[in-house]
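# Descriptive structure summary
In case you want the letters, here they are:
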Amino acid sequence: MVLQGKKVLLAVSGSIAAYKAPMLVRLLVKKSCVVRVVLTKSAADFVSPLTLSTLTDAPVEVDFFNRESPEKGWSNHVDMALWADLMIIAPVSSNTLSKMASGQSDNLLLAAFMSAKCPVYFAPAMDLDMYKNEATKENIEKLISRGYHCIPSESGELASGLVGEGRMAEPENIVAFVEQSLIDQQPLRGKTVMVNAGPTREAIDPVRFIGNHASGKMGHALATEAARLGAKVHLILGPTGIPFDYSGMKVTHVESTQEMYEACAAIFPDADLAVFSAAVADYRPAKRHEQKVKKSEANLEISLEPTVDILKTLGHQKKSEQIVIGFALETENAIEYATKKLHTKNADFIVCNVAGEHTGFAHDTNEVTVIAKDESQAHFPLTEKTQLAKYLWNHFIKSLATS
Ligand code: CTP
């Protein structure tokens, strides 16, 4: 489940264990991963690129430059590394291990490794004495200390005929290791997260409404990231024309503030964390006309009445173990007003954004300051909302873990 849909870059270096790479590809594909393969030249002597290409339904990369099909040009190791959700280097020969540890990049595999921003797993494979060598131990430790994940070698009969440690972990064990590690990296696993997002619409008559420009992008990004971090996510979304990807979350579509309130109130008691990012209307027409209001020469006055404040109402119902995260959109005195909202609405954090040229409503980017209950502040400069969602969850999780 945790591997489903993941883009995996499998890197194979020159070791006899490379013959197990096709089996590893098969297991990953069975888990619904999209797999691409990069080989070192010597790995291509142990395992056929054609086999791997057939199993992955994609070209296998070996060289920086494709000499056989020059029209394909340079293989871009950076694109390849950034494409991947995770990289598995299996087998890692002693030579490749030492180059990884010393930061060399004289082949495509190493260049992709150096460019990778995703979790990287490596499965060493070498002969017993090489595996036991101090240099090997140091190289493995160096890589682990840099945040790379070592899939321990197994004991058994080695290609040399020796019996002992150094054999690459079996493909099934590599997949199980990666799965368990990804589960461990999901700090919101077992948690239920509720997010409200988007605008609300308050009907004037059957064809007109009072609304706002909110897109729901920030809330959707937070919901997506929460799902990626392992949470059970429920998104309550106001009307936005954006064709969002809702995988990994349950969605309730609502129109008015009242509908949004009712949907949130039904879920909130079961939520461990609740994020209120919706741009909720503060007022609604006191009277909703049953028929379309006809035009006349006279001025039209619409009397407005306050809507329910969803965050404030639910914030004051929260239990001690629940965490409530509100938003504040301001145009002046941002920190002062946002801090006031934090306290009056009984939130644990308030994410303050200022409506601007690249921030707030509808934009793909945002810049925010998070204010915690003790009024400590953390500023997040202008960045993509999808990236900001990662920073924000990281901040909430760290703050909660240390509070
Ligand atoms: N909010 C809400 N229900 C409302 C109004 C606001 O749940 N009827 C929530 C928003 O989702 C946000 C927070 O309250 O998390 C602050 O919203 P904001 O529009 O910035 O502030 P308001 O409380 O509406 O105050 P004002 O418009 O005067 O700034």
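Residues numbered from 1 in each chain as written. Predicted model: local features only at pLDDT ≥ 70, side-chain atom pairs only at ≥ 80, totals over all residues. Heavy atoms only, no water.

Interaxial distance between helix H1 (residues 21–30) and helix H9 (residues 171–184) falls to 9 Å at its minimum, and their mutual angle equals 45°. In terms of axis orientation, H1 runs oblique to H9. The interaxial crossing formed by H1 with H9 has right-handed handedness. Where H1 abuts H9, its residues Met 23, Leu 24, Leu 27 and Leu 28 lie against Pro 171, Glu 172, Ile 174 and Val 175. Taken together, the residues that form the contact of H1 with H9 break down as 7 nonpolar, no polar and 1 charged. (Axes fitted to C-alpha atoms, helices over the stretch in contact; angles between N-to-C directions. Helix = DSSP H or I, 4+ residues; strand = E, 2+ residues; numbered from the N terminus. Parallel < 35°, antiparallel > 145°, perpendicular 65-115°, else oblique. Left-handed = near helix turned anticlockwise from the far one by under 90°. Contact = heavy atoms within 4.5 Å. Nonpolar A, V, L, I, M, F, W, Y, C, P; charged D, E, K, R; others polar.)

For the ligand, the set of nearby residues contains 16 residues, the closest of which are Phe 276, Ala 278, Leu 311, Lys 341 and Lys 345. In the environment of the ligand, an oxygen atom lies 2.7 Å from a nitrogen or oxygen atom belonging to the backbone of Ala 278. For the ligand, an oxygen atom lies 2.8 Å from a polar atom in the side chain of Lys 341. Considering the ligand on its own, with 560 Å² of exposed area, one finds that the protein chains cover 77% of that surface. If you list the elements that add at least two residues to the shell around the ligand, you get helix H12 (310–315) and strand E16 (323–330). At 4 residues, the largest contribution of residues to the shell around the ligand is made by E16. Residue composition of the shell around the ligand, by class: 10 nonpolar, 2 polar and 4 charged. (Near = heavy atom within 4 Å. Polar contact = N/O pair within 3.5 Å; in protein donor to acceptor, adjacent residues only side chain to side chain. Areas by Shrake-Rupley, 256 points an atom, 1.4 Å probe, with all protein chains shown as cover.)

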